[in-house]
Amino acid sequence: MSLEEPDMTAAVTTEAATEHIAGLRDRLDEIDARIIELWLERAAISQEVGRTRVASGGTRLVLNRENEILERYRAHLGADGVQLALLVLRAGRGPL
Ligand SMILES: O=C(O)C(=O)C[C@]1(C(=O)O)C=C[C@@H](O)C=C1
């Protein structure tokens, strides 16, 4: 390939890769939107559970339930899952 002749094969490959990446990013954006929606829905439900329990004389926290949730996230996602579960729980019941 000379300097005057651009490598058209490389150009086509780059265009295909760019298109592929754009399609994958669209999917990532859809997944992120679902995660955000589910995150907000879960937090609202968790707050309602907490309000209902406290209003009927119960505790704000139920630690054995939190442990079950932490363990479920750990079983599926490992150590990162535990960190994620801690954030998920905090979004609902607030900081400890
Ligand atoms: O399951 C409950 O009893 C809740 O209050 C919900 C929830 C949760 O977000 O999963 C929040 C606080 C409790 O400590 C345990 C769990």
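Position numbers for residues start from 1 in each chain and track the written sequence from start to end. Residues qualify for local features only when their pLDDT is at least 70, as the model is predicted, and side-chain atom pairs are given and counted only at 80 or more; totals for whole chains, interfaces and linings, by contrast, use all residues. Only hydrogens and water are set aside; all other atoms, that is, all heavy atoms of the structure, feed into the side-chain values.

Per an unreviewed UniProt entry, the protein is named Chorismate mutase domain-containing protein, and its organism is Virgisporangium ochraceum.

Draft legend 1. The arrangement of helix H2 (residues 63–77) in detail. Given a rise of 1.5 Å per residue, 15 residues ought to cover 21 Å, and the 21 Å separating the end C-alpha atoms of H2 matches this to within 8%. Following H2 by one or two positions, Gly78 adopts a phi angle in the positive range, close to 75°. Secondary structure is summarised from DSSP: a helix means a run of H or I of at least four residues, a strand means a run of E of at least two, and numbering begins at the N terminus for each. What a helix should span is 1.5 Å times the count of its residues minus one.

Draft legend 2. Structural detail: the pattern of salt bridges. Salt bridges are defined as contacts in which a side-chain nitrogen from Lys or Arg sits within 4 Å of a carboxyl oxygen from Asp or Glu. Counted according to the given criterion, the structure contains four salt bridges. A salt bridge links Arg27 to Glu30; its shortest N-O distance comes to 2.8 Å. Of this pair, Arg27 and Glu30 both sit in helix H1 (residues 8–55), three residues apart, which is roughly one turn of that helix. Each residue is assigned to one of three classes by its accessible area relative to the maximum for its type, calculated with a 1.4 Å probe on protein chains only: buried under 20%, partly exposed between the two thresholds, exposed over 50%. Using a relative accessible area of 40% as the deciding quantity, one classes Arg27 as partly exposed. Arg65 is paired through a salt bridge with Glu68; the nearest N and O atoms lie 3.6 Å apart. Taken as a pair, Arg65 and Glu68 lie in helix H2 at a separation of three residues, close to a single helical turn. The exposure class of Glu68 is partly exposed, given its relative accessible area of 44%.

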